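Fold and contact review
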Amino acid sequence: FIDCPELGQLRIRYNTCVGVPLRGEQKGSIQFVKESSDPVADAINYDSTLLNNEVNLVSSGSGFFFPGFVDTHIHASQYPNAGIFGNSTLLKWLETYTFPLEASLHDLETANVVYETVVRRTLSNGTTTAAYYATIDPKSTKLMARICSSRNQRALIGKVCMDQNSPGFYVESTDSCLRGCQEVVDYLQNELNDSKVAPILTPRFAPSCSRDLMTQLAAMAAKDDLHIQTHLSESISEVEWVKSLFPECETYTQVYDRFKLITEKTVLAHCIHLTDAEAKLIKSRKAGISHCPISNSSLTSGECRVRWLLDQGLKVGLGTDVSGGFTCSVLATARHAHLVSRHLAMKEQDPELREHLKLSVPELLYLSTMGGADALNMGDQIGSFDVGKQFDAQLIGLESSGSNVDVFTWQRPGAKASKTSPPLLTNEDLIAKWFFNGDDRNVTGVWVDGMLSHST
Ligand code: GUN
Ligand code: FE
(Lines give C-alpha, C1' and ligand atoms only; values in the text may rest on other atoms or scores of the structure.)
(Ligands and ions follow the chains in the order given, each with its own letter.)
Protein backbone atom coordinates (compact mmCIF):
# COMPACT_ATOMS: atom_id res chain seq x y z
CA PHE A 1 0.00 0.00 0.00
CA ILE A 2 1.44 3.34 -1.08
CA ASP A 3 -0.04 6.73 -0.24
CA CYS A 4 0.89 10.36 0.44
CA PRO A 5 -0.72 11.40 3.74
CA GLU A 6 1.40 14.58 4.02
CA LEU A 7 2.88 16.95 1.42
CA GLY A 8 6.14 15.39 0.20
CA GLN A 9 5.71 12.08 2.04
CA LEU A 10 5.61 8.82 0.09
CA ARG A 11 4.45 6.15 2.55
CA ILE A 12 5.18 2.60 1.40
CA ARG A 13 3.79 -0.24 3.49
CA TYR A 14 4.85 -3.75 2.50
CA ASN A 15 3.05 -7.02 3.31
CA THR A 16 0.12 -5.05 4.55
CA CYS A 17 -3.49 -6.01 5.02
CA VAL A 18 -6.35 -3.49 5.08
CA GLY A 19 -9.72 -4.49 6.55
CA VAL A 20 -12.84 -3.08 4.88
CA PRO A 21 -16.33 -4.40 5.77
CA LEU A 22 -18.63 -4.69 2.77
CA ARG A 23 -21.84 -4.42 4.76
CA GLY A 24 -23.14 -3.12 8.05
CA GLU A 25 -22.62 0.28 9.59
CA GLN A 26 -18.89 0.47 8.83
CA LYS A 27 -19.46 -0.46 5.17
CA GLY A 28 -16.60 0.70 2.97
CA SER A 29 -14.55 2.25 5.76
CA ILE A 30 -11.07 1.09 6.73
CA GLN A 31 -11.11 -0.74 10.07
CA PHE A 32 -7.47 -1.71 10.33
CA VAL A 33 -4.19 -1.41 8.45
CA LYS A 34 -1.55 -3.84 9.58
CA GLU A 35 1.53 -5.66 8.53
CA SER A 36 0.47 -9.20 7.87
CA SER A 37 1.52 -12.49 6.41
CA ASP A 38 -1.94 -13.99 6.96
CA PRO A 39 -4.73 -11.62 5.89
CA VAL A 40 -7.48 -14.22 6.33
CA ALA A 41 -6.53 -14.76 9.97
CA ASP A 42 -6.41 -10.99 10.46
CA ALA A 43 -9.89 -10.58 9.04
CA ILE A 44 -11.32 -13.34 11.20
CA ASN A 45 -9.48 -11.96 14.18
CA TYR A 46 -11.18 -8.64 13.54
CA ASP A 47 -14.63 -10.22 13.34
CA SER A 48 -14.83 -13.77 14.58
CA THR A 49 -18.29 -14.20 13.02
CA LEU A 50 -16.67 -14.16 9.58
CA LEU A 51 -16.39 -17.58 8.07
CA ASN A 52 -13.64 -18.22 5.59
CA ASN A 53 -15.78 -17.69 2.48
CA GLU A 54 -17.14 -14.42 3.73
CA VAL A 55 -13.77 -12.73 3.52
CA ASN A 56 -13.40 -11.11 0.15
CA LEU A 57 -9.65 -11.11 -0.40
CA VAL A 58 -8.08 -8.77 -2.89
CA SER A 59 -4.36 -9.04 -3.27
CA SER A 60 -2.07 -6.57 -4.95
CA GLY A 61 -0.10 -9.30 -6.76
CA SER A 62 3.01 -7.66 -8.17
CA GLY A 63 1.47 -4.18 -8.08
CA PHE A 64 0.44 -1.75 -5.36
CA PHE A 65 -2.67 -0.06 -4.05
CA PHE A 66 -2.71 3.72 -4.32
CA PRO A 67 -5.51 6.06 -3.17
CA GLY A 68 -7.98 6.91 -5.93
CA PHE A 69 -7.30 10.22 -7.63
CA VAL A 70 -9.37 13.27 -6.72
CA ASP A 71 -10.27 15.53 -9.65
CA THR A 72 -11.18 18.82 -7.97
CA HIS A 73 -12.45 20.47 -11.17
CA ILE A 74 -13.93 18.88 -14.28
CA HIS A 75 -16.73 19.90 -16.66
CA ALA A 76 -18.43 16.60 -17.51
CA SER A 77 -20.53 18.39 -20.13
CA GLN A 78 -17.46 19.58 -22.04
CA TYR A 79 -15.93 16.13 -22.59
CA PRO A 80 -16.84 15.93 -26.32
CA ASN A 81 -14.59 19.00 -26.79
CA ALA A 82 -11.52 17.43 -25.13
CA GLY A 83 -8.66 18.48 -27.41
CA ILE A 84 -10.75 21.04 -29.30
CA PHE A 85 -9.65 24.55 -28.38
CA GLY A 86 -7.44 25.75 -31.23
CA ASN A 87 -5.53 28.91 -30.36
CA SER A 88 -8.32 30.48 -28.37
CA THR A 89 -8.08 32.14 -24.97
CA LEU A 90 -10.62 31.87 -22.16
CA LEU A 91 -13.40 34.32 -23.03
CA LYS A 92 -13.36 33.64 -26.77
CA TRP A 93 -13.11 29.89 -26.07
CA LEU A 94 -16.23 29.99 -23.87
CA GLU A 95 -18.17 31.73 -26.60
CA THR A 96 -16.89 29.67 -29.54
CA TYR A 97 -16.59 26.14 -28.19
CA THR A 98 -18.07 25.82 -24.75
CA PHE A 99 -21.48 27.47 -24.47
CA PRO A 100 -22.88 25.88 -27.68
CA LEU A 101 -21.73 22.41 -26.55
CA GLU A 102 -23.13 22.75 -23.04
CA ALA A 103 -26.44 24.03 -24.42
CA SER A 104 -26.70 20.95 -26.67
CA LEU A 105 -26.78 18.62 -23.66
CA HIS A 106 -30.27 19.85 -22.96
CA ASP A 107 -31.12 16.77 -25.00
CA LEU A 108 -31.10 13.99 -22.41
CA GLU A 109 -30.06 11.26 -24.82
CA THR A 110 -26.98 13.23 -25.80
CA ALA A 111 -26.28 14.03 -22.16
CA ASN A 112 -26.60 10.37 -21.23
CA VAL A 113 -24.00 9.28 -23.81
CA VAL A 114 -21.57 12.03 -22.80
CA TYR A 115 -21.92 11.55 -19.04
CA GLU A 116 -21.68 7.75 -19.22
CA THR A 117 -18.48 8.14 -21.23
CA VAL A 118 -16.94 10.66 -18.81
CA VAL A 119 -17.63 8.54 -15.75
CA ARG A 120 -16.31 5.38 -17.41
CA ARG A 121 -13.19 7.18 -18.62
CA THR A 122 -12.40 8.97 -15.35
CA LEU A 123 -12.86 5.72 -13.38
CA SER A 124 -10.60 3.80 -15.76
CA ASN A 125 -7.95 6.49 -15.18
CA GLY A 126 -8.17 5.99 -11.42
CA THR A 127 -10.39 8.94 -10.45
CA THR A 128 -12.54 7.86 -7.52
CA THR A 129 -13.80 11.34 -6.58
CA ALA A 130 -14.63 14.25 -8.88
CA ALA A 131 -16.14 17.71 -8.47
CA TYR A 132 -18.23 17.95 -11.63
CA TYR A 133 -19.82 20.84 -13.47
CA ALA A 134 -22.81 19.66 -15.54
CA THR A 135 -24.82 22.34 -17.42
CA ILE A 136 -27.47 24.91 -16.51
CA ASP A 137 -30.12 22.24 -17.07
CA PRO A 138 -31.35 20.62 -13.82
CA LYS A 139 -32.69 17.50 -15.57
CA SER A 140 -29.40 16.52 -17.17
CA THR A 141 -27.58 17.49 -13.97
CA LYS A 142 -29.71 14.97 -12.07
CA LEU A 143 -28.97 12.42 -14.79
CA MET A 144 -25.23 12.94 -14.21
CA ALA A 145 -25.76 12.28 -10.49
CA ARG A 146 -27.61 9.03 -11.23
CA ILE A 147 -24.81 7.88 -13.50
CA CYS A 148 -22.12 8.55 -10.85
CA SER A 149 -24.22 6.68 -8.33
CA SER A 150 -24.86 3.67 -10.56
CA ARG A 151 -21.23 3.48 -11.75
CA ASN A 152 -20.02 3.81 -8.15
CA GLN A 153 -17.97 6.98 -8.33
CA ARG A 154 -17.81 9.50 -5.48
CA ALA A 155 -18.89 12.87 -6.82
CA LEU A 156 -19.94 16.41 -6.14
CA ILE A 157 -22.46 17.40 -8.80
CA GLY A 158 -23.09 21.01 -9.79
CA LYS A 159 -25.81 22.58 -11.85
CA VAL A 160 -24.09 25.52 -13.55
CA CYS A 161 -25.53 28.93 -12.57
CA MET A 162 -25.44 31.87 -14.97
CA ASP A 163 -28.03 34.66 -15.19
CA GLN A 164 -26.14 37.44 -17.02
CA ASN A 165 -23.50 38.25 -19.65
CA SER A 166 -24.17 34.96 -21.42
CA PRO A 167 -25.56 34.14 -24.87
CA GLY A 168 -29.35 34.14 -25.26
CA PHE A 169 -29.39 30.41 -25.99
CA TYR A 170 -27.57 29.58 -22.76
CA VAL A 171 -28.73 31.70 -19.83
CA GLU A 172 -31.46 31.63 -17.20
CA SER A 173 -33.42 34.11 -15.14
CA THR A 174 -32.26 34.42 -11.53
CA ASP A 175 -35.43 32.78 -10.26
CA SER A 176 -35.36 29.85 -12.63
CA CYS A 177 -31.68 29.27 -11.81
CA LEU A 178 -32.38 29.20 -8.08
CA ARG A 179 -35.36 26.90 -8.54
CA GLY A 180 -33.24 24.57 -10.68
CA CYS A 181 -30.51 24.47 -8.03
CA GLN A 182 -32.99 23.69 -5.29
CA GLU A 183 -34.47 20.94 -7.46
CA VAL A 184 -31.05 19.33 -7.88
CA VAL A 185 -30.17 19.68 -4.18
CA ASP A 186 -33.52 18.18 -3.11
CA TYR A 187 -33.17 15.32 -5.55
CA LEU A 188 -29.66 14.43 -4.39
CA GLN A 189 -30.43 14.76 -0.72
CA ASN A 190 -33.89 13.19 -0.58
CA GLU A 191 -34.34 10.92 -3.57
CA LEU A 192 -31.04 9.56 -4.87
CA ASN A 193 -30.01 8.57 -1.36
CA ASP A 194 -26.38 7.81 -2.11
CA SER A 195 -23.96 9.26 0.43
CA LYS A 196 -21.20 9.20 -2.21
CA VAL A 197 -22.98 11.69 -4.48
CA ALA A 198 -23.56 15.18 -3.07
CA PRO A 199 -24.63 18.52 -4.53
CA ILE A 200 -22.23 21.45 -5.03
CA LEU A 201 -23.52 24.95 -5.76
CA THR A 202 -21.89 26.21 -8.93
CA PRO A 203 -21.96 29.92 -9.77
CA ARG A 204 -20.01 29.61 -13.05
CA PHE A 205 -17.80 32.68 -12.48
CA ALA A 206 -18.44 36.24 -11.36
CA PRO A 207 -19.11 37.71 -14.84
CA SER A 208 -22.02 35.34 -15.46
CA CYS A 209 -23.68 35.83 -12.04
CA SER A 210 -25.78 38.75 -10.83
CA ARG A 211 -25.34 40.11 -7.32
CA ASP A 212 -28.78 38.81 -6.45
CA LEU A 213 -27.96 35.30 -7.69
CA MET A 214 -24.71 35.14 -5.71
CA THR A 215 -26.41 36.42 -2.56
CA GLN A 216 -29.14 33.78 -2.78
CA LEU A 217 -26.76 30.94 -3.63
CA ALA A 218 -24.69 31.80 -0.56
CA ALA A 219 -27.85 31.71 1.57
CA MET A 220 -28.74 28.31 0.12
CA ALA A 221 -25.24 27.01 0.87
CA ALA A 222 -25.34 28.32 4.45
CA LYS A 223 -28.76 26.83 5.10
CA ASP A 224 -27.81 23.27 4.09
CA ASP A 225 -24.03 23.43 4.63
CA LEU A 226 -23.43 22.82 0.92
CA HIS A 227 -20.22 22.68 -1.10
CA ILE A 228 -19.54 25.54 -3.53
CA GLN A 229 -17.33 25.64 -6.65
CA THR A 230 -16.44 28.40 -9.06
CA HIS A 231 -13.62 29.84 -11.20
CA LEU A 232 -11.30 32.55 -9.89
CA SER A 233 -8.58 34.65 -11.49
CA GLU A 234 -7.96 32.45 -14.51
CA SER A 235 -7.01 34.97 -17.19
CA ILE A 236 -5.95 38.62 -17.18
CA SER A 237 -8.86 39.73 -19.40
CA GLU A 238 -11.28 37.93 -17.11
CA VAL A 239 -9.80 39.71 -14.06
CA GLU A 240 -10.16 43.07 -15.84
CA TRP A 241 -13.72 42.28 -16.86
CA VAL A 242 -14.62 41.44 -13.26
CA LYS A 243 -13.07 44.73 -12.09
CA SER A 244 -15.28 46.65 -14.50
CA LEU A 245 -18.42 44.68 -13.57
CA PHE A 246 -17.89 44.98 -9.80
CA PRO A 247 -16.18 48.36 -9.25
CA GLU A 248 -17.22 48.30 -5.60
CA CYS A 249 -14.79 45.40 -4.95
CA GLU A 250 -11.04 45.88 -4.80
CA THR A 251 -10.20 42.39 -6.08
CA TYR A 252 -11.81 39.46 -7.88
CA THR A 253 -11.66 37.37 -4.69
CA GLN A 254 -13.48 40.12 -2.81
CA VAL A 255 -16.42 39.81 -5.20
CA TYR A 256 -17.07 36.23 -4.07
CA ASP A 257 -16.25 37.09 -0.47
CA ARG A 258 -18.64 40.05 -0.38
CA PHE A 259 -21.46 37.69 -1.40
CA LYS A 260 -20.32 35.06 1.19
CA LEU A 261 -19.42 32.45 -1.36
CA ILE A 262 -15.98 31.67 0.06
CA THR A 263 -16.34 29.10 2.83
CA GLU A 264 -14.48 26.06 4.13
CA LYS A 265 -16.49 24.04 1.60
CA THR A 266 -15.62 26.20 -1.41
CA VAL A 267 -13.18 25.11 -4.11
CA LEU A 268 -11.79 27.81 -6.39
CA ALA A 269 -10.41 26.79 -9.77
CA HIS A 270 -7.24 28.33 -11.25
CA CYS A 271 -6.25 31.21 -8.87
CA ILE A 272 -3.41 32.25 -11.19
CA HIS A 273 -3.31 36.03 -10.97
CA LEU A 274 -3.95 36.48 -7.26
CA THR A 275 -2.51 39.30 -5.14
CA ASP A 276 -1.01 38.62 -1.71
CA ALA A 277 -4.17 40.00 -0.12
CA GLU A 278 -6.36 37.62 -2.12
CA ALA A 279 -4.34 34.57 -1.10
CA LYS A 280 -4.59 35.71 2.53
CA LEU A 281 -8.34 36.13 2.23
CA ILE A 282 -8.79 32.63 0.76
CA LYS A 283 -6.61 31.21 3.50
CA SER A 284 -8.61 32.98 6.21
CA ARG A 285 -11.82 31.47 4.81
CA LYS A 286 -10.19 28.00 4.69
CA ALA A 287 -11.32 27.48 1.07
CA GLY A 288 -9.58 25.08 -1.31
CA ILE A 289 -7.83 25.76 -4.62
CA SER A 290 -7.98 23.60 -7.74
CA HIS A 291 -4.80 23.85 -9.82
CA CYS A 292 -5.59 23.08 -13.48
CA PRO A 293 -2.22 23.19 -15.26
CA ILE A 294 -3.18 21.55 -18.57
CA SER A 295 -6.07 23.95 -19.04
CA ASN A 296 -3.93 26.93 -18.02
CA SER A 297 -1.24 26.09 -20.59
CA SER A 298 -3.71 25.13 -23.34
CA LEU A 299 -5.74 28.34 -23.09
CA THR A 300 -2.54 30.32 -22.33
CA SER A 301 -4.17 31.61 -19.15
CA GLY A 302 -0.97 31.66 -17.10
CA GLU A 303 1.11 29.67 -14.61
CA CYS A 304 -0.34 29.13 -11.16
CA ARG A 305 2.26 29.68 -8.41
CA VAL A 306 1.51 26.46 -6.56
CA ARG A 307 4.55 26.59 -4.27
CA TRP A 308 3.62 30.12 -3.26
CA LEU A 309 0.13 28.87 -2.34
CA LEU A 310 1.42 25.82 -0.47
CA ASP A 311 3.97 27.90 1.48
CA GLN A 312 1.07 29.95 2.83
CA GLY A 313 -0.70 26.82 4.00
CA LEU A 314 -3.45 26.97 1.40
CA LYS A 315 -5.26 23.74 0.49
CA VAL A 316 -4.42 22.81 -3.11
CA GLY A 317 -5.65 19.93 -5.28
CA LEU A 318 -5.46 19.18 -8.99
CA GLY A 319 -8.19 19.65 -11.60
CA THR A 320 -8.27 18.32 -15.14
CA ASP A 321 -10.67 21.15 -16.12
CA VAL A 322 -11.90 19.23 -19.15
CA SER A 323 -12.23 20.71 -21.77
CA GLY A 324 -10.02 23.72 -21.06
CA GLY A 325 -7.79 20.75 -20.23
CA PHE A 326 -7.63 18.11 -22.96
CA THR A 327 -7.54 14.99 -20.78
CA CYS A 328 -9.54 13.63 -17.87
CA SER A 329 -6.44 11.86 -16.51
CA VAL A 330 -5.33 13.24 -13.13
CA LEU A 331 -1.96 11.49 -13.58
CA ALA A 332 -1.34 13.39 -16.85
CA THR A 333 -2.43 16.58 -15.08
CA ALA A 334 0.04 15.94 -12.25
CA ARG A 335 2.84 15.47 -14.80
CA HIS A 336 1.94 18.76 -16.40
CA ALA A 337 1.89 20.48 -12.99
CA HIS A 338 5.39 19.12 -12.47
CA LEU A 339 6.55 20.85 -15.68
CA VAL A 340 4.70 24.11 -15.00
CA SER A 341 6.52 24.35 -11.67
CA ARG A 342 9.80 23.97 -13.57
CA HIS A 343 8.83 26.67 -16.05
CA LEU A 344 8.25 28.99 -13.09
CA ALA A 345 11.59 27.90 -11.64
CA MET A 346 13.43 28.75 -14.88
CA LYS A 347 12.20 32.33 -14.60
CA GLU A 348 13.50 32.66 -11.03
CA GLN A 349 16.94 34.25 -10.63
CA ASP A 350 17.69 33.24 -7.05
CA PRO A 351 19.18 29.69 -7.15
CA GLU A 352 17.76 28.62 -3.79
CA LEU A 353 14.27 29.82 -4.59
CA ARG A 354 14.56 28.26 -8.04
CA GLU A 355 15.04 24.83 -6.47
CA HIS A 356 12.25 25.50 -3.99
CA LEU A 357 9.73 26.25 -6.75
CA LYS A 358 10.03 22.78 -8.27
CA LEU A 359 7.31 20.35 -7.20
CA SER A 360 8.50 16.79 -6.62
CA VAL A 361 6.82 13.54 -7.66
CA PRO A 362 5.69 12.72 -4.09
CA GLU A 363 4.35 16.28 -3.71
CA LEU A 364 2.34 15.97 -6.92
CA LEU A 365 0.99 12.57 -5.93
CA TYR A 366 -0.09 14.21 -2.66
CA LEU A 367 -1.90 16.97 -4.61
CA SER A 368 -3.57 14.26 -6.75
CA THR A 369 -5.02 12.48 -3.72
CA MET A 370 -4.85 13.86 -0.17
CA GLY A 371 -4.44 17.49 -1.31
CA GLY A 372 -7.49 17.20 -3.54
CA ALA A 373 -9.47 15.59 -0.74
CA ASP A 374 -8.60 18.52 1.57
CA ALA A 375 -9.35 21.09 -1.14
CA LEU A 376 -12.87 19.59 -1.37
CA ASN A 377 -13.09 19.56 2.45
CA MET A 378 -13.29 15.76 2.34
CA GLY A 379 -9.90 15.06 3.91
CA ASP A 380 -11.39 13.24 6.87
CA GLN A 381 -13.18 10.79 4.54
CA ILE A 382 -10.75 10.06 1.70
CA GLY A 383 -7.26 10.73 0.28
CA SER A 384 -5.10 8.15 2.12
CA PHE A 385 -5.23 4.66 3.60
CA ASP A 386 -5.97 5.45 7.24
CA VAL A 387 -8.34 3.86 9.71
CA GLY A 388 -11.76 5.53 9.57
CA LYS A 389 -11.47 6.65 5.95
CA GLN A 390 -13.46 5.17 3.08
CA PHE A 391 -11.57 2.66 0.95
CA ASP A 392 -11.26 4.52 -2.37
CA ALA A 393 -8.34 2.93 -4.19
CA GLN A 394 -6.73 2.05 -7.48
CA LEU A 395 -4.61 -1.02 -8.03
CA ILE A 396 -1.54 -0.12 -10.08
CA GLY A 397 0.28 -2.77 -12.10
CA LEU A 398 3.53 -1.56 -13.63
CA GLU A 399 3.67 -4.65 -15.78
CA SER A 400 -0.02 -4.90 -16.63
CA SER A 401 -1.03 -5.79 -20.15
CA GLY A 402 0.07 -3.12 -22.64
CA SER A 403 1.89 -1.13 -19.95
CA ASN A 404 3.90 1.80 -21.23
CA VAL A 405 6.24 1.53 -18.23
CA ASP A 406 9.35 -0.52 -19.01
CA VAL A 407 11.32 -1.90 -16.10
CA PHE A 408 14.35 -3.97 -17.12
CA THR A 409 15.10 -7.13 -15.16
CA TRP A 410 18.44 -5.83 -13.94
CA GLN A 411 16.77 -2.62 -12.66
CA ARG A 412 14.34 -4.39 -10.35
CA PRO A 413 14.77 -3.95 -6.63
CA GLY A 414 16.36 -7.16 -5.38
CA ALA A 415 18.09 -8.00 -8.68
CA LYS A 416 21.67 -9.19 -8.31
CA ALA A 417 23.90 -6.15 -8.33
CA SER A 418 27.53 -6.19 -9.28
CA LYS A 419 30.19 -3.55 -9.84
CA THR A 420 29.69 -3.72 -13.58
CA SER A 421 25.89 -4.10 -13.82
CA PRO A 422 23.65 -1.09 -14.51
CA PRO A 423 22.15 0.64 -11.46
CA LEU A 424 19.24 -0.91 -9.55
CA LEU A 425 16.09 1.08 -9.01
CA THR A 426 14.59 1.91 -5.64
CA ASN A 427 10.85 1.70 -5.07
CA GLU A 428 10.78 5.51 -5.23
CA ASP A 429 12.34 5.27 -8.72
CA LEU A 430 9.63 2.83 -9.78
CA ILE A 431 6.96 5.24 -8.58
CA ALA A 432 8.62 7.97 -10.66
CA LYS A 433 8.55 5.66 -13.71
CA TRP A 434 4.83 5.14 -13.17
CA PHE A 435 4.31 8.89 -12.64
CA PHE A 436 5.98 9.87 -15.92
CA ASN A 437 5.11 6.95 -18.20
CA GLY A 438 1.99 5.41 -16.69
CA ASP A 439 -1.57 5.69 -17.92
CA ASP A 440 -4.94 3.92 -17.68
CA ARG A 441 -3.33 0.64 -18.80
CA ASN A 442 -1.66 0.47 -15.39
CA VAL A 443 -4.95 0.89 -13.53
CA THR A 444 -6.08 -2.72 -13.14
CA GLY A 445 -8.76 -2.16 -10.51
CA VAL A 446 -10.66 0.74 -8.94
CA TRP A 447 -12.67 0.65 -5.70
CA VAL A 448 -14.96 3.26 -4.21
CA ASP A 449 -16.34 2.74 -0.71
CA GLY A 450 -14.78 -0.72 -0.82
CA MET A 451 -16.79 -1.74 -3.89
CA LEU A 452 -15.22 -2.49 -7.26
CA SER A 453 -16.02 0.23 -9.83
CA HIS A 454 -13.66 -0.78 -12.61
CA SER A 455 -11.30 -3.62 -13.46
CA THR A 456 -9.32 -4.87 -16.42
N1 GUN B 1 -14.64 30.25 -16.65
C2 GUN B 1 -15.98 30.28 -16.79
N3 GUN B 1 -16.44 29.13 -17.33
C4 GUN B 1 -15.36 28.36 -17.53
C5 GUN B 1 -15.19 27.03 -18.04
O6 GUN B 1 -16.12 26.34 -18.45
N7 GUN B 1 -13.91 26.56 -18.07
C8 GUN B 1 -12.87 27.30 -17.64
N9 GUN B 1 -11.65 26.77 -17.69
N10 GUN B 1 -13.00 28.53 -17.17
C11 GUN B 1 -14.23 29.05 -17.10
FE1 FE C 1 -13.32 25.09 -15.48
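Residues numbered from 1 in each chain as written. Chains lettered and ligands numbered in written order. Predicted model: local features only at pLDDT ≥ 70, side-chain atom pairs only at ≥ 80, totals over all residues.

This next bit is on the packing of helix H4 (residues 138–151) against helix H5 (residues 174–192). The geometry of H4 relative to H5 is characterised by a closest axis approach of 9 Å and an angle of 25 degrees between their N-to-C directions. Between H4 and H5, the angle is such that the two are roughly parallel. Note that H4 runs across H5; the crossing there is right-handed. Along its contact with H4, which presents Pro138, Thr141, Lys142, Ala145, Arg146 and Ser149, the element H5 presents Gly180, Glu183, Val184, Tyr187, Leu188 and Leu192. For the contact of H4 with H5, the residue count by class is 6 nonpolar, 3 polar and 3 charged. (Axes fitted to C-alpha atoms, helices over the stretch in contact; angles between N-to-C directions. Helix = DSSP H or I, 4+ residues; strand = E, 2+ residues; numbered from the N terminus. Parallel < 35°, antiparallel > 145°, perpendicular 65-115°, else oblique. Left-handed = near helix turned anticlockwise from the far one by under 90°. Contact = placed C-beta atoms within 7 Å. Nonpolar A, V, L, I, M, F, W, Y, C, P; charged D, E, K, R; others polar.)

The step from Val322 to Ser323 runs through a cis peptide bond, and the omega angle for that step is 5 degrees. Structurally, the position occupied by Ser323 is in the loop between strand S14 (315–318) and helix H12 (330–346). Of note in this structure, Asn165 is not a glycine but carries a positive phi near 50 degrees. If you trace the backbone, Asn165 turns up in the loop between strand S9 (160–161) and H5. One non-glycine residue, Ser233, lies in positive phi territory at about 50 degrees. Its place among the elements puts Ser233 in the loop between strand S11 (227–232) and helix H7 (236–245).

Attention shifts here to the site of ligand 1. Near ligand 1, the surroundings consist of His75, Leu90, Leu94, Thr98, Arg204, Phe205, His231, Glu234, Ser295, Asp321 and Gly324. With 3 residues, helix H2 (residues 90–104) is the largest single contributor of residues to the shell around ligand 1. Of the residues in the shell around ligand 1, the class split is 3 nonpolar, 5 polar and 3 charged. (Near = placed C-beta within 6 Å.)

Another aspect to go through is the domain arrangement of the chain. The assigned domain composition of the chain is domain 1 (2–66 + 389–455) and domain 2 (67–375). Put simply, the middle of domain 1 and the middle of domain 2, counted by C-alpha atoms, are 30 Å apart. Opposite the 25 residues of domain 1 that make contact, domain 2 presents 25 residues. If you list the elements that add at least two residues to the side of domain 1 that touches domain 2, you get strand S15 (393–396), helix H15 (427–437), strand S16 (443–448) and strand S17 (451–455). Per element, the largest residue contribution to the side of domain 1 that touches domain 2 is 4 residues, and it comes from H15. (Domains from an automatic or database assignment.)

Turning our attention to the sheet that holds S16. Ordered in space as S5-S15-S16-S17, the 4 strands form an open sheet in which the pairing is antiparallel. Both edges of this open sheet fall to strand S5 (64–67) and S17, since each of them pairs with a single strand only. Shown here is a sheet whose adjacent strand axes are inclined to one another by a mean of 25 degrees, direction ignored. Alignment of S16 against S17, held across 4 bridges, turns out to be antiparallel. Along S17, the bridge assignment pairs Gly445 with Ser455. (Pairing = 2+ DSSP bridges.)

Position of Trp447 among the secondary structure elements: in strand S16. Take Trp447: there are 23 C-beta atoms within 10 Å of it, and that puts it in the buried class. Expressed as a C-alpha distance, the spacing of Trp447 and Gly68, which sit 379 residues apart in the sequence, is 7.8 Å. Leaving out residues up to four positions away in the same chain, Trp447 has contacts with Phe391, Asp392, Ala393, Leu452 and Ser453. (Buried ≥ 20, exposed ≤ 12 C-beta atoms within 10 Å, placed from the backbone.)

Our focus in this paragraph is the confidence of the model for the chain. For the chain, the mean per-residue pLDDT works out to 96, and 99% of the residues sit at or above 70. Interface predicted TM-score (ipTM) for the complex: 0.99; the corresponding pTM is 0.98. (pLDDT = per-residue confidence, 0-100.)

With that out of the way, let us pick up the UniProt feature "domain: Amidohydrolase-related" (unreviewed entry) in the chain. Those residues carrying the UniProt feature "domain: Amidohydrolase-related" (unreviewed entry) are residues 66–450 in this numbering. Split by type, residues 66–450 is 44% helix and 15% strand. Its first and last C-alpha atoms lie 13 Å apart. (UniProt positions renumbered as here; feature names shortened; annotations may be inferred.)

Take the nonpolar core next. Residues Tyr132, Met144 and Ile157 are the most contacted members of the largest nonpolar core, which totals 118 residues. It is helix H14 (residues 361–375) that provides the largest number of residues to this core, a total of 8 residues. Both domain 1 (2–66 + 389–455) and domain 2 (67–375) contribute no fewer than three residues apiece to this core. Once you skip the residues sitting within four places of it in the chain, Ile157 turns out to touch Tyr132, Ala134, Thr141, Met144, Ala145, Cys148, Leu188, Val197, Pro199 and Ile200. (Core = buried A, V, L, I, M, F, W, Y, C linked by C-beta atoms within 7 Å.)

What follows deals with the environment of Phe435. When you line up the elements, Phe435 lands in helix H15. Assessed through the 18 C-beta atoms surrounding it within 10 Å, Phe435 is described here as partly exposed. Separated by 103 residues in the primary sequence, Phe435 and Ala332 place their C-alpha atoms 8.4 Å from one another.

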